[in-house]
Structure formats: C-alpha cells, structure tokens
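Below, each chain spelled out in residue letters.
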Amino acid sequence: MALSKPIGVFDSGIGGLTIASAIKRKLPQASIIYFGDTAHLPYGDKSATLIKGYIRNISNFLFEQDCGHLVVACNSASSVLTNDLLPAGYQSVLNVIDPVVNRVVMETGIQTVGVIGTRRTINSHVYRNRIKKQSESLLVKELATPLLAPMIEDGFVRNSISRSVIHEYLKRLGPVDALILGCTHYPLIRTEIQEYIGNDVLLLDAPDLIADQLVKENDISPNQSGTDHFYVSDFTESFEQTAQSFFGASIHLEQRSIHPK
C-alpha cells in the first residue's frame, strides 16, 4: 500500500508527539497531521462516553485534512476505541495498545509482565485483558503511576526528582520480566526506568512499534511532500515549549477548535 496521504495522529495532549517523532524518524518523507486535544486533557479522568465523543470529532477532523491513516496515540482513547466512532475511508487505524500487547506475547521466556500508566488505563485493565486473551499463562502486574505524566510535562526528567518518583513507584511493582510503558509520556523517561529495573527487563512502548508497523505495511509515495501540521484545541506557550521536547525538534502549534457535527 502506498503511503500517499498524510498520517493523522491524535492524543489528549502532547504526549502523542513521541509517536509522531518516531514515525517521522522512520518515515521522513511522510506527512504528519497531529492533533492534541489540550482543551480536554487529561482523558484519564473523563467518562468513556465523553472520550468516545472526542474520538469521533477528532477522527472526522483528521479525515477532512485528507489523512489516510489514523494513529490513536492515547491509551485512554485506545481503550474505548471502536470502528463505529470513525469515518469510513481510513486505509488503516492503529492504537497504542495492540502493537505492544502483540509484541510482549511473542517473547519467549517472559512469565511476568508489568504495566504502568494513568489511573484510567490501569483501572480499565485493558492491557491485562488483551494479554490474557492471547496468553493466559502470563502473569500481569498493573500499577497506576499518575505522578509521572505531570512530572514529565513540568520538565522533571533526568534529575533527582524524577529518579525518586520512578524508584518509589517501581519498587511497589516488584520484579517483572517485561515492563509496558502504558502512557505516551513515558518514553521521555525510558532511560531512567531502564536504569532502575536493569537491562534484563524488556521495556515496551508504542512509538517505535507503531512506526515499524507503518513502515512494514506501506510504501512512501515519491510525490509525498513531507509537510507536517501540529494542531491543539487550546494553546499556551508552555504547551509549545513542552511539545518541542516531546517531538525532539522545533515545531509550531496551531490552535483549532473542533465542534461536534
């Protein structure tokens, strides 16, 4: 399949830019249209009904921008995603949960899998249920880590504060063979997490897995321009500053309000 149309990526905020960045690294010619629903973040404390409404509105907006592929770069949204929420016509739809689950169940020698994420993601048991559906024998240990995302957004990474918070959480989780980073913010502290749990523990998160899947399933059209756009539903200067650290390059955020149709 030729990747001739832009890739739409959306998240409740700017954490999904870690996925957009991974896609851009592996598909530099692809056009990305990103939407961060910063007016409604975090999705983790919203009802499933509200989140489904956000999914419907944003996926329609991205489809109107001629996106051919949709990446739902939000764990809370991915946990309630169904096809009936999306406009017909997307060539492919990827979420942040299934690529990680598919990867962990393929690993040999793993008996215990840890999952960390927001309270909503953990309380939904979406990772545990999807892992168990494929591999009943795996033990899944879940832990809500609600302080990590705001800590990262405030710039507390690679310092004594981030190390202290990470250590306090992970010692509650106990030993695991693999650890799923169930939030798109967490790749920014991946190195610190690996340092604490050791190199013998397999760390799994969505960005590279999603990018790899897009590479595997698509060819880049030679006519692709590579022009990117980054939209947010509410704009502050702090969002733009933080967005650059998530994407790994200077970007310009455009404010765009989306109203239900």
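Up top is the structure.
Only a predicted model underlies this, so the values are computations on that prediction, with no experimental measurement involved.

1. Side note on the overall build of the protein
Each helix and strand counted, the protein has eleven helices and twelve strands in total. For the protein, the C-alpha radius of gyration of 18 Å lies close to 18 Å, the compact-globule estimate for 261 residues. Each of the 261 residues in the protein was classed as buried or not, and the buried ones make up 52%. Of all intrachain contacts in the protein linking residues separated by at least 6 positions in sequence, the fraction that spans at least 24 positions is 75%. Charge-centre separation for the protein: the mean point of 23 positive side chains lies 5 Å from the mean point of 27 negative side chains.

2. Re the nonpolar core
If you look at the biggest cluster of nonpolar residues, it comprises 66 residues, and the most contacted ones within it are Leu17, Ile23, Val71, Ile116 and Leu179. Counting 21 residues, the second largest nonpolar core, distinct from the first, contains Phe35, Leu70, Cys74 and Leu81.

3. What about the environment of alanine 20?
Assignment of secondary structure puts alanine 20 in helix H1 (residues 17-26). When its relative accessible area of 0% is taken as the criterion, alanine 20 is described as buried. When residues no more than four places from it in sequence are discounted, the contact partners of alanine 20 are Ile32, Tyr34 and Phe247.

4. Topic: the environment of phenylalanine 239
Examined against the element boundaries, phenylalanine 239 turns out to sit in helix H11 (residues 237-247). Taking the C-alpha atoms as reference, phenylalanine 239 lies 7.6 Å from isoleucine 14; in sequence the two are 225 residues apart. Every residue in contact with phenylalanine 239, bar those within four places of it in the chain, is listed here: Ile14, Thr38, Leu41, Asp234 and Leu253.

5. Overview of the pattern of salt bridges
Enumeration over the complete set of coordinates arrives at eleven salt bridges. Here lysine 5 ties to aspartate 66 by a salt bridge, and the two come within 3.5 Å at their closest N and O atoms. One end of the pair, lysine 5, is in the loop between strand E1 (2-3) and strand E2 (7-11); the other, aspartate 66, is in the loop between helix H2 (48-64) and strand E4 (69-72), with 61 residues separating them in the sequence. Look at the salt bridges and you will find they share partners, linking Glu168, Lys171 and Arg172 into a network.

What counts and what doesn't
Residues numbered from 1 in each chain as written. Predicted model: local features only at pLDDT ≥ 70, side-chain atom pairs only at ≥ 80, totals over all residues. Heavy atoms only, no water. Helix = DSSP H or I, 4+ residues; strand = E, 2+ residues; numbered from the N terminus. Rg over C-alpha atoms; globule rule 2.2 N^0.38 Å. Buried < 20%, exposed > 50% of the residue type's maximum accessible area, 1.4 Å probe, protein only. Contact = heavy atoms within 4.5 Å. Lys, Arg positive; Asp, Glu negative; His and termini not counted. Charge placed at Lys NZ, Arg CZ, Asp CG, Glu CD. Core = buried A, V, L, I, M, F, W, Y, C linked by side-chain atoms within 4.5 Å. Salt bridge = Lys/Arg side-chain N within 4 Å of Asp/Glu carboxyl O.

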